[in-house]
Amino acid sequence: MLTFVLAGVLLLGVGGASEAQQTAPAWPRLVTAPGRYHAHGGESVKLPCDVTNLGRKSVFWLKGDSSMESRELLVQIRGVRRRPVAVRRFLQDMRTGKMATDGTHLIINNLTEDDAGTYTCTVTWAGQSVTHVLEVTDLGSLQKVVMEYLPPSRSMTVVEGSPVTFACHARGSPQPSVAWYREGTEREVLREGPVLNIAEAGREDAGRYQCLTSSGEDGRRQGTVFTLNVEYVSVRGAQDRVVVRSEYPRAQLTCYVEGYPEPQVLWYQSSGQVTEDARHRFVADRHQHHLQIEDVTVADLGEYQCYVHNGASRDLATLTLTAAPREARILGAELTPRHSTYNLTWEVESITPLRLYMLEYRKGPAAGQWNTTYVGISDTPQGMTYVQSGLLTLDPASTYEVKVRGVTEDNEQGPDMINPFEIVTGGGTKEKISRFFHTALPILSRLPILARTLQ
């Protein structure tokens, strides 16, 4: 009867798929890989089943091999509240704590050899499942095989790059064979023989390793689990160079930190260790560590070190904080006595000292290539404001667009001017007549005096 109920649920999942696609924002997705797990009698084991976007759908745990007829439904874990519903035969196991759930994971406590077998987690609506193999060793029934472990604690903590040796010596008659597995992976033998060597342990090697023996007499397996912890730290800056804008003087330096044990993070500047105050704040978000600086000044600019350590290892990342000027503002352009030469005046605000200005101009509007000339710094700034003038010789009777951009001593350029400054040069017929009278009138006014003198 149980088989027919489960089959009906599976068919319902297939029949309702098209409707669910229209209403659900995303289909459930099972993201756990098949695994092989080994435990001793009396211990507990958690069999994983991670599902994303489960929503209101359900997860079913079954015990048995791959054929549907021989599988036995253990429990249904409903979505939303993850509430488990066991079938009648296993209700007592749920009540006594023999069987439990953690979200969509299955937990089996007080293991016996009867608990060994294959367990399948299936998301029927998504047509996905994962099968784990559970092996249980009853040490009380294996008196023929004597095990010796190295290290005896079956646990080792080393610094990254160190050599690791685990040994699992078995004596019995006949002599048992020994194989090593990585817990939680598929049935993949890492090594055969009593010794497992790792020449240089990396952070990816941390985890649990199973040593399993196999007796040729009755085929029973015995073993244990070794735990490897690898101490390391790793840090890198999110950006090598952080640029703060003068119009919004707030900066955030970020470094990504990983390590075991959990490392401590310290920030340093050239003046020493950075401490939290009204302008400096430390923010940590999992592996991201931020140094936030409000109202950035010249003293805040320069190199910073994100230093991490955990007692066994240490590392640091260097980040540079610099500043860019604000958008320049052209104050005006006056025609000089020199023909078609204009004296252009502008101002730029900058936290950090300026090195020069980029003066760009073109005939326009919006036509042709920009011509660029560079103007050095000649005036002392008033606070953060630089005021500068420069000469620009232009063609007569033309319209020009002009832009200015400040450049700091760190070669950080200010933003491009959104609205270029416009200059309309003279030089037409009216200006020529005006210039003639402007030159001739003083001479003509002296003619009567010259005539009286000659008389």
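Everything below is about the structure shown above.
Right, let's walk through the structure included here. The structure presented is a predicted model; accordingly, all values stated were derived computationally and were not measured.

Further remarks concern the sheet that holds strand β33 (residues 399–408). A sheet is described by the order of its strands in space; here 4 strands give the open sequence β31-β30-β33-β34, paired in antiparallel fashion. The outermost strands of the open sheet, each flanked by one partner alone, are β31 (371–376) and β34 (421–424). Mean inter-strand twist for the sheet, computed between neighbouring axes without regard to direction, equals 30°.

This part covers the environment of L319. Within the secondary structure, L319 sits in strand β27 (residues 314–324). Placed 77 residues apart in sequence, L319 and V242 show a C-alpha to C-alpha distance of 7.4 Å. In contact with L319, other than residues within four places in its own chain, are G237, Q239, D240, L253, T254, W267, G302, E303, Y304 and C306.

Moving on, we come to the pairing of strand β19 (residues 221–237). Both strand β13 (residues 155–159) and β19 contribute to a ladder of 5 bridges, which runs parallel. Counterpart to V159 in the pairing with β19 is E231. With 8 bridges joining them, strand β18 (residues 207–214) and β19 adopt antiparallel strand pairing. Within the sheet, the bridge partner assigned to G207 lies in β19 and is L228. Of the strand pairs in this sheet, β19 and strand β21 (residues 251–260) are connected by 6 bridges, and their pairing is antiparallel. The residue bridging V235 from the neighbouring strand is V257, located in β21.

Reading the values: the criteria
Residues numbered from 1 in each chain as written. Predicted model: local features only at pLDDT ≥ 70, side-chain atom pairs only at ≥ 80, totals over all residues. Heavy atoms only, no water. Pairing = 2+ DSSP bridges. Helix = DSSP H or I, 4+ residues; strand = E, 2+ residues; numbered from the N terminus. Axes fitted to C-alpha atoms, helices over the stretch in contact; angles between N-to-C directions. Contact = heavy atoms within 4.5 Å.

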